[in-house]
Amino acid sequence: MSSHSTRQFNSPLINWIEHRLPVFSFLDNSLGTNYPTPKNLSYWWNFGSLAGIVLGVMLVSGIVLAMHYTAHVDHAFDSVERIMRDVNYGWLIRYIHMNGGSMFFIAVYIHMFRGLYYGSYHAPREILWMIGVFILLAMMATAFMGYVLPWGQMSFWGATVITNLFSAIPLVGDSIVTWLWGGFSVDNPTLNRFFSLHYLMPFVIVGLVVLHIWALHVHGSNNPIGVDAKSDQDTIGFHPYYTVKDLFGLGVFFIFFAFFVFYAPNFFGEPDNYIEANPLVTPPHIVPEWYFLPFYAILRAFTADFFLYSYTPLSWIMTAKLSGVLAMFASILLLLFMPWLDGSKVRSSRFRPVYAMFFWLFLLDCLVLGVVGGKPAEGVWIYIGQATTTYYFVHLLIIVPLVSRLERPKAPPESISAAVTAKAQG
Amino acid sequence: MSDTANPADSAELDEKSRRDFLFATTTAVGAIGAALAAWPFIDQMNPAADTLALSSTEVDLEPISEGMSITVVWRGKPVFIRHRTADEIKAAQEADKAQLPDPQMDADRVQKPAWLVMVGVCTHLGCIPLGNKAGEARGDFGGWFCPCHGSHYDTSGRIRKGPAPLNLPVPEYTFLSDTRIKIG
Amino acid sequence: MGTNMKTLMKSAVAGFALALLATGPSTAAGNAPTPPKQHWSFSGLFGTFERSAAQRGFQVYREVCAGCHSLRQIDFRHLAGLGYNEDQIKAFAAEAEVTDGPNDDGEMFTRPGVPADGLPKPFPNEKAAAASNNGKAPPDLSLMVKARKGGADYVYGILTGYEEAPAGVTVPEGGNYNHYFPGHVIAMAPPLSDEGIEYQDGTKATVMQQAKDVVTFLSWTAEPEMEARKSMGLKVILFLIVLTGLLFRVKKAVWKDVH
């Protein structure tokens with residue numbers, strides 16, 4: 001039998017529970033005054049807890065919406081409109097869920113770029129980082145299926161385009177697509193299973209988040225100077241310092257969120273999704289939700305007129321479509337290897353000016369990719385898309401490995417407390 | 001006991017109580033916010049506007065001649081509306097004095113004696129009693145008869161014989177005019 | 001790389017992000033000019049659906065549009081949101097003939113409408129609608145203002161944008177030239193005409209007036225919750241500003257000894 005908690009609290013009731021199920025010492029050690037956190041974390045470190053809270057908001061609003069939604073092609077669109085018009089506060093809960101999805105991706109993207117800039121993925125946090133990438137993939141699957149549920153034009157046609165991608169897989173592609181659809185096109189079987197899986201995936205995300213936080217707590221948070229905490233001088237209790245800072249950040253975030261929910265609820269959406277799905281009418285421009293746009297741009301960058309695709313020995317296995325799909329997945333999966341692509345001994349880009357410059361260029365590249373993804377695939381946008389896609393992979397596969405190994409970084413401070421003292425004086 | 005307070009101490013105490021006040025206020029405002037935020041998620045489970053719209057039904061009584069009954073659906077349940085004959089009304093009023101399992105005067109069950117409005121669900125286990133359509137069994141008391149376990153209701157819809165414990169319930173209704181009622 | 005370069009890069013990114021936000025999630029609008037912005041009673045943080053305009057708009061819908069366009073998401077009882085009382089709503093409903101049933105003989109029958117019923121549909125189904133309209137079913141209008149880029153301004157633009165085709169442009173049979181419709185050729189003939197209807201409240205029924213009113217009505221059908229939403233938004237955001245301000249003071253107080 002493993003040893004049980006001998007921790008004593010002030011209240012006899014709490015001690016009684018603690019002796020049988022040590023929830024209180026667990027909370028204290030993970031969130032309380034007993035969990036040491038670097039004292040120099042900036043506001044860029046708020047976005048992890050923010051993402052976690054948005055996940056909670058999505059779960060609650062989603063479960064409540066599911067009480068009123070009907071996952072059948074003849075009723076889905078109308079059931080959502082019934083929620084908007086007849087269910088008490090239905091419009092509020094629907095707009096919270098709809099905009100919460102965008103908020104979730106905003107928080108997670110900022111959280112990821114924080115990790116890229118400060119080298120949070122370096123040892124010993126490689127697995128923490130990798131779990132994060134899997135959370136992103138699970139989020140993308142969840143969001144994709146969720147967008148289909150209102151059964152608008154974009155729901156239907158977005159689902160059609162993306163599920164059709166799997167036909168690019170040689171030999172088994174078509175069978176896989178039929179299997180995904182449950183039929184010969186996106187139809188009722190597809191909608192039904194997407195509802196089931198959309199309800200399931202967020203709980204998978206919760207499980208991944210638990211692993212993510214567990215992995216984090218083994219070595220504690222990274223910090224803006226990327227130097228490990230060495231002594232008590234470097235850390236402070238998570239409570240009350242970071243509980244209070246996170247709550248403040250949450251307040252600011254909720255104001256931002258509330259602005260969209262109440263005053264611009266359809267800013268992130270597409271008007272076409274207020275038209276009921278019509279399998280016989282294709283919208284002039286099929287666009288995914290904004291958070292998928294950079295990946296959509298990478299997908300479309302591979303055009304069939306590239307000479308290699310007509311090179312016969314290759315063409316039966318490698319088509320433009322397949323290249324696009326592989327590149328799209330590679331753009332995310334490559335991130336898993338950041339801890340090894342980046343060979344620098346110094347974590348934080350604060351002390352790696354050349355690397356930092358390339359970080360900003362990479363961020364700019366991702367933003368341009370997002371713009372490209374929203375444009376129709378014609379004219380100058382094709383070339384910009386191909387250039388930015390190429391640069392994305394050049395950054396990860398060539399620039400990061402080379403710069404990280406060739407640059408002579410500046411010397412980081414000796415310790416966190418030294419940095420904090422220096423900042424207070426300077 | 002010094003009566004000259006140390007200025008540094010009192011400033012510190014002042015600051016501490018200001019901090020406590022700040023923490024208390026913030027917690028209180030936060031708790032109020034949480035309660036206000038929780039309400040929509042609770043209220044959404046209450047009947048929605050389209051459900052409420054069907055919570056009352058208006059019925060035109062003109063086509064129901066004396067001795068006829070109709071069944072309408074109200075809130076998902078059948079409601080019997082009977083245009084009672086003079087004999088039926090007399091029998092119902094006389095039975096006021098009888099031994100009733102669920103004592104109730106006929107006058108307390110109707111607004112106008114000619115019109116009997118009640119929910120047609122047997123108070124035993126929920127079957128729909130027979131007697132509203134011509135030719136159906138009406139039981140020993142000339143009213144309604146529930147075939148599931150043999151409950152007999154009289155011309156006022158009161159339970160007279162059988163396992164049902166209560167009279168057929170009379171819903172809330174109003175006469176909008178002599179020939180139109182609103183149920184619910 | 002000095003701090004100047006870093007600042008330059010950061011401002012490039014920031015400026016970029018702002019430009020991105022300004023263009024919004026974009027799809028090409030087709031090849032038609034953007035309709036000009038109109039002044040609407042319901043725009044802005046404190047907008048409301050001007051009741052008389054919306055009621056006139058409902059009259060325009062009933063007398064002009066309802067012949068071809070359904071309004072599936074609206075039941076008669078929803079009209080209370082436009083300021084009609086229960087008797088008026090019952091009167092509107094009773095004008096409509098609603099198919100109900102089957103009755104005890106297994107047959108469908110018609111009865112006068114009640115507030116719980118939906119507004120009458122011009123065609124029994126999509127195919128009938130298309131068959132009566134040169135193969136293209138007139139779309140449902142409940143969500144039209146949300147379903148088009150440009151929203152109310154766009155719908156107003158379409159209704160007032162009919163004109164003679166410019167020289168050299170031939171309009172195919174059954175089409176109508178419209179200034180703001182993507183591709184310029186719209187299947188719908190100009191629905192509004194000056195004095196085409198007589199407003200119950202005596203307002204002069206010019207095309208622009210009818211268009212303004214019916215677009216106000218349709219903005220309501222698309223977003224009946226708008227007034228409640230904006231009013232709640234004000235309260236929520238003010239509350240959050242107060243709470244966040246308090247939380248900021250708390251944060252500063254807690255962190256005092258660390259800084």
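Residues numbered from 1 in each chain as written. Chains lettered and ligands numbered in written order. Predicted model: local features only at pLDDT ≥ 70, side-chain atom pairs only at ≥ 80, totals over all residues. Heavy atoms only, no water.

Undergrad: Got a minute to help me understand the overall build of chain C in this structure?
TA: A count of helices and strands for chain C gives seven helices and four strands. Going residue by residue from the N terminus, the α and β elements of chain C occur as α-α-α-β-β-α-α-β-β-α-α. By the burial criterion, 40% of the 259 residues in chain C qualify as buried. Working note: accessible area of chain C is about 13,800 Å², and carbon and sulfur atoms make up 58% of it. (Helix = DSSP H or I, 4+ residues; strand = E, 2+ residues; numbered from the N terminus. Buried < 20%, exposed > 50% of the residue type's maximum accessible area, 1.4 Å probe, protein only. Areas by Shrake-Rupley, 256 points an atom, 1.4 Å probe, with all protein chains shown as cover.)

Undergrad: Would you take a moment to explain the overall build of chain A for this structure?
TA: A tally of helices and strands in chain A yields 17 helices and two strands. At 24 Å, chain A has a C-alpha radius of gyration in line with the 22 Å of a compact globule built from 426 residues. Along the first, second and third principal axes, the C-alpha atoms of chain A reach 65 × 60 × 50 Å. When each of the 426 residues of chain A is scored for burial, the buried share is 55%. (Rg over C-alpha atoms; globule rule 2.2 N^0.38 Å.)

Undergrad: What am I meant to see in the interface of chain A and chain C here?
TA: In many analyses, interface size is given as the accessible surface area lost on bringing the parts together. The interface is formed by 53 residues belonging to chain A together with 50 residues belonging to chain C. Between chain A and chain C, a total of about 4,700 Å² is buried, with carbon and sulfur atoms accounting for 72% of that surface. Broken down residue by residue, the surface that chain A buries against chain C is led by Arg 85, Tyr 263 and Trp 360 of chain A, which jointly contribute 17%. On inspection of chain A and its partner chain C, the count reaches three salt bridges. Arg 77 of chain C is the salt-bridge partner of Asp 86 of chain A, the closest N and O atoms lying 2.9 Å from each other. There are 15 residue pairs in polar contact (both at pLDDT 80 or more) connecting chain A and chain C. Elements supplying a minimum of two residues to the side of chain A that touches chain C: α4 (76-85), α5 (90-118), α10 (238-263) and α15 (353-374) of chain A. By residue class, the composition of the side of chain A that touches chain C is 39 nonpolar, four polar and ten charged. (Contact = heavy atoms within 4.5 Å. Buried area = accessible area lost by both parts, 1.4 Å probe. Salt bridge = Lys/Arg side-chain N within 4 Å of Asp/Glu carboxyl O. Polar contact = N/O pair within 3.5 Å; in protein donor to acceptor, adjacent residues only side chain to side chain. Nonpolar A, V, L, I, M, F, W, Y, C, P; charged D, E, K, R; others polar.)

Undergrad: Honestly, the sheet that holds strand β2 (residues 69-74) of chain B in this entry has me stumped. Any pointers?
TA: Sheet strands pair by backbone hydrogen bonding; their relative direction is either parallel or antiparallel. Residues and elements named next belong to chain B. The sheet built from three strands is open, its strands ordered β2-β3-β4 with antiparallel pairing. In the strand order of this sheet, the two ends are held by β2 and β4 (115-119), each with one partner. Across the sheet, the mean angle separating the axes of adjacent strands is 20 degrees when strand polarity is ignored. Taken together, the six bridges between β2 and strand β3 (residues 77-83) define a ladder with antiparallel strand orientation. The residue bridging Trp 74 from the neighbouring strand is Lys 77, located in β3. (Pairing = 2+ DSSP bridges. Axes fitted to C-alpha atoms, helices over the stretch in contact; angles between N-to-C directions.)

Undergrad: Explanation requested: the sheet that holds strand β1 (residues 57-60) of chain B in the structure shown.
TA: Residue and element names in this part refer to chain B. Ordered by their spatial adjacency, three strands build an open sheet running β1-β9-β8, and the pairing between neighbours is antiparallel. Each edge of the open sheet carries a strand with a single partner, namely β1 and β8 (173-177). Across the sheet, the axes of successive neighbouring strands diverge by a mean angle of 25 degrees, strand direction being ignored. Summarising the sheet, β8 and strand β9 (residues 180-183) pair through four bridges and their orientation is antiparallel. Note on β9: the bridge partner recorded for Thr 174 is Lys 182.

Undergrad: Just checking my understanding: could you explain helix α3 (residues 86-94) of chain B for this structure?
TA: Counting along an α-helix, one turn takes 3.6 residues, and residues three or four places apart therefore face a common direction. All names here are of chain B. Inspection of α3 places Glu 88, Ile 89 and Ala 92 among the buried residues, and these make up the whole buried set. The arc enclosing the buried residues of α3, seen along the axis, measures out at 100 degrees, which places them on a common side. When the buried face of α3 is taken as reference, the exposed residues oriented beyond 90 degrees from it are Ala 86, Asp 87 and Lys 90. At its buried positions, α3 is contacted by β3. (Arc of directions from axis to C-beta.)

Undergrad: I'm lost on the state of the cysteines in this one. Help?
TA: Residues and elements named next belong to chain B. Evaluation of the coordinates by the stated rule reveals one disulfide over all chains. In this model, Cys 127 is linked to Cys 148 through a disulfide, with the two sulfur atoms separated by 2.1 Å. Disulfide Cys 127-Cys 148: the torsion about the S-S bond is -100 degrees, which places it as left-handed. Note that Cys 127 is positioned in the loop between β4 and β5 (142-146) and Cys 148 in the loop between β5 and β6 (151-154), a separation of 21 residues in sequence. According to the relative accessible area criterion, Cys 127 is partly exposed, its value standing at 22%. Sulfur of Cys 146: no disulfide; nearest cysteine sulfur belongs to Cys 122 and is 3.8 Å away. (Disulfide = S-S within 2.5 Å.)

Undergrad: Would you mind going over the packing of α5 of chain A against helix α7 (residues 226-255) of chain C with me for this structure?
TA: For any two helices packed against each other, the geometry is given by the interaxial angle and the distance between the axes. At a minimum axis distance of 10 Å, the contact between α5 of chain A and α7 of chain C shows a crossing angle of 65 degrees. On the basis of the axis angle, α5 of chain A is roughly perpendicular to α7 of chain C. Here the hand of the crossing between α5 of chain A and α7 of chain C comes out right-handed. From α5 of chain A, Trp 91, Leu 92 and Tyr 95 of chain A reach across to α7 of chain C, where they touch Ala 228, Arg 229 and Met 232 of chain C. Here the contact of α5 of chain A with α7 of chain C is built from residues that sort into five nonpolar, no polar and one charged. (Parallel < 35°, antiparallel > 145°, perpendicular 65-115°, else oblique. Left-handed = near helix turned anticlockwise from the far one by under 90°.)

Undergrad: Would you mind showing me how to read the pairing of β4 of chain B here?
TA: The side chains of a regular strand alternate between the sheet's two faces. Residues and elements named next belong to chain B. Burial within β4 is extensive, with five of its five residues counted as buried. Residues of β4 alternate between two faces, with Trp 115, Val 117 and Val 119 on one and Leu 116 and Met 118 on the opposite face, all of them buried. One ladder, built from five bridges, connects β3 with β4; its direction is antiparallel. Residue pairing for β4: Arg 82 is matched across the bridge by Leu 116.

Undergrad: Help me understand unusual backbone geometry, please; the structure alone is not making it clear to me.
TA: Note on backbone geometry: most residues besides glycine have negative phi, and most peptide bonds are trans. In this structure, Pro 124 of chain A follows Ala 123 of chain A across a cis peptide bond, with omega equal to 0 degrees. The step from Gly 101 of chain C to Pro 102 of chain C runs through a cis peptide bond, and the omega angle for that step is 0 degrees. Tracing the backbone through its elements, the reader meets Pro 102 of chain C in the loop between β1 (97-100) and β2 (109-112). Within the chain, Tyr 89 of chain A stands out as a residue other than glycine whose phi angle is a positive 60 degrees. Relative to the assigned elements, Tyr 89 of chain A resides in the loop between α4 and α5.

Undergrad: Please explain the side chain of Arg 84 of chain B as it appears in this structure.
TA: Residues and elements named next belong to chain B. With respect to the helices and strands, Arg 84 occurs in the loop between β3 and α3. A relative accessible area of 1% means that Arg 84 is categorised as buried. Of note is the side chain of Arg 84, whose polar atom sits 2.9 Å from the backbone oxygen of Thr 155. Filtering out sequence-adjacent residues up to four positions away, Arg 84 remains in contact with Glu 66, Ile 89, Ala 92, Asp 106, Val 110, Pro 113, Ala 114, Leu 116, Thr 155 and Ser 156.

Undergrad: Just to check I follow, could you spell out the interface of chain C and chain B for this structure?
TA: At the interface, 13 residues of chain C touch 16 residues of chain B. Counting the surface lost from both chain C and chain B, the interface buries some 1,100 Å², and carbon and sulfur atoms represent 75% of this. Viewed at the interface, chain B and chain C are joined by two salt bridges. For Lys 256 of chain C, the salt bridge identified is with Glu 15 of chain B, shortest N-O distance 3.4 Å. Inspection of the region where chain C meets chain B yields three residue pairs in polar contact (both at pLDDT 80 or more). Here the side of chain C that touches chain B takes eight residues from α7 of chain C, the largest share from any one element. Along the lines of polarity and charge, the residues of the side of chain C that touches chain B split into eight nonpolar, no polar and five charged.

Undergrad: What is the right way to read the packing of helix α6 (residues 126-148) of chain A against helix α9 (residues 188-219) of chain A from this model?
TA: All names here are of chain A. Direction vectors running N to C along α6 and α9 enclose 160 degrees, while the axes themselves pass 8 Å from each other. Comparing the axis directions of α6 and α9 gives the class roughly antiparallel. Judged by the twist between their axes, the crossing of α6 over α9 is left-handed. A breakdown of the residues in the contact of α6 with α9 according to their chemical character gives 21 nonpolar, five polar and no charged.

Undergrad: Any chance you could explain the environment of Val 23 of chain A here in plain terms?
TA: Residue and element names in this part refer to chain A. Among the structural elements, Val 23 can be located in helix α2 (residues 23-31). Its relative accessible area of 32% is what places Val 23 among the partly exposed residues. Along the sequence, Val 23 and Thr 390 sit 367 residues apart, while their C-alpha atoms lie 50 Å from each other.

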